[in-house]
Amino acid sequence: MSYWAVELKQMSNLSEPSKEDGSTDVSVVFQKSGPWNKALSSFMHHASVYGVAAGYCLSASLLSIINKWAIMKFPYPGALTALQYLTSVAGVILCGQLKLIEPDGLNLWTMWKFLPAAVMFYISIFTNSELLLHANVDTFIVFRSAVPIFVAIGETLYLHQPCPSFKTWLSLSTILGGSVIYVFTDNQFTVTAYSWAIAYLASMSVDFVYIKHVVMTIGLNTWGLVLYNNLKALMLFPLEMLIMGEFDQMKVNSSKMTNWLSFDVILPVALSCLFGLSISFFGFSCRRAISATGFTVLGIVNKHLTER
């Protein structure tokens, strides 16, 4: 078994299972005592963890490829993201009405409690875009890889989760040390680029820890988290359009609107929206199943695999 697989298994034990989740905890099914029942319960638990992790990696990898295809046909990343949010919201509500799933109902107080998570999400996306704009891809990957150690610290101090093992700290410190060496040897160093890099590192670290806090305390099941997260992001979308200037760009190119309804455009955009719903579900399932640090590491490994 690879090192990261062992660490993912260890980190899955750091996160307490949520009692509010709509799905049945597999450990409850095997209440009878006995070594075989305990072994089967443990096997089912780890199988479910690896299952949602595999679903998240598969969804994220395919979404990266499909998004590149969709952006080539529909060159408005903000609008494409909004369509993904809308599809996720509509899909959860429709499936809920058809009794296929049981999402939590909409509640104004819950939406208000979810607002900071949506704001942090947008801040992390904004700093991500600015870092890619002012720095090269290598700098982005280095700082993205340094996020887990700060998430581990935040998770231990603020979420009161068990401290990761010595091997985990050693591996995360090695990554951080490599990042520091890269900074001192980067011949393209600029104050602007590294200012955005630090802002990105801080926002991503806070985002991962805070979202884990929300998942553990807000009392929503997985589909409820998908619904609230995408709905809040969709409500903030007009502000993003104004800041990024994409709305004006779409108005200028409004003459090409008929081309947007062609099959060549609809197919990649529709697939992008479907996989947006998929990654949202598996992402929140992973956040429930493993620690914030484990989820961060999983995202880095997946990103490296996708790039290769």
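Residues numbered from 1 in each chain as written. Predicted model: local features only at pLDDT ≥ 70, side-chain atom pairs only at ≥ 80, totals over all residues. Heavy atoms only, no water.

Some words on the UniProt feature "transmembrane region" (unreviewed entry) in the protein chain
Move 1: In this numbering, the UniProt entry assigns the feature "transmembrane region" (unreviewed entry) to residues 47-66, 78-96, 108-127, 139-159, 191-211, 223-245 and 265-284.
Move 2: For residues 191-211, the helix share is 100%, the strand share is 0%, and the end-to-end C-alpha distance is 30 Å. (UniProt positions renumbered as here; feature names shortened; annotations may be inferred. Helix = DSSP H or I, 4+ residues; strand = E, 2+ residues; numbered from the N terminus.)

Quick word on the packing of aromatic side chains
Move 1: Scanning the model with the defined rule gives six aromatic pairs in all.
Move 2: Between Phe 143 and Tyr 194 the ring centres are 5.6 Å apart and the planes differ by 70 degrees, which places this aromatic pair in the edge-to-face class. One end of the pair, Phe 143, is in helix H6 (residues 137-145); the other, Tyr 194, is in helix H9 (residues 191-217), with 51 residues separating them in the sequence.
Move 3: Judged by relative accessible area, which is 10%, Phe 143 ranks as buried.
Move 4: By relative accessible area, which is 6% here, Tyr 194 ends up buried.
Move 5: Summarising the aromatic geometry, the rings of Phe 281 and Phe 282 are spaced 5.3 Å apart at their centres and angled 70 degrees between planes, so their arrangement reads as edge-to-face.
Move 6: Given a relative accessible area of 21%, Phe 281 falls into the partly exposed group.
Move 7: Under the relative-accessibility criterion, Phe 282 is labelled partly exposed at 23%.
Move 8: Put simply, the rings of Tyr 56, Phe 208 and Phe 295 pair up and form one aromatic cluster. (Phe/Tyr/Trp six-rings, centres within 6.5 Å; stacked < 30°, edge-to-face > 60°. Buried < 20%, exposed > 50% of the residue type's maximum accessible area, 1.4 Å probe, protein only.)

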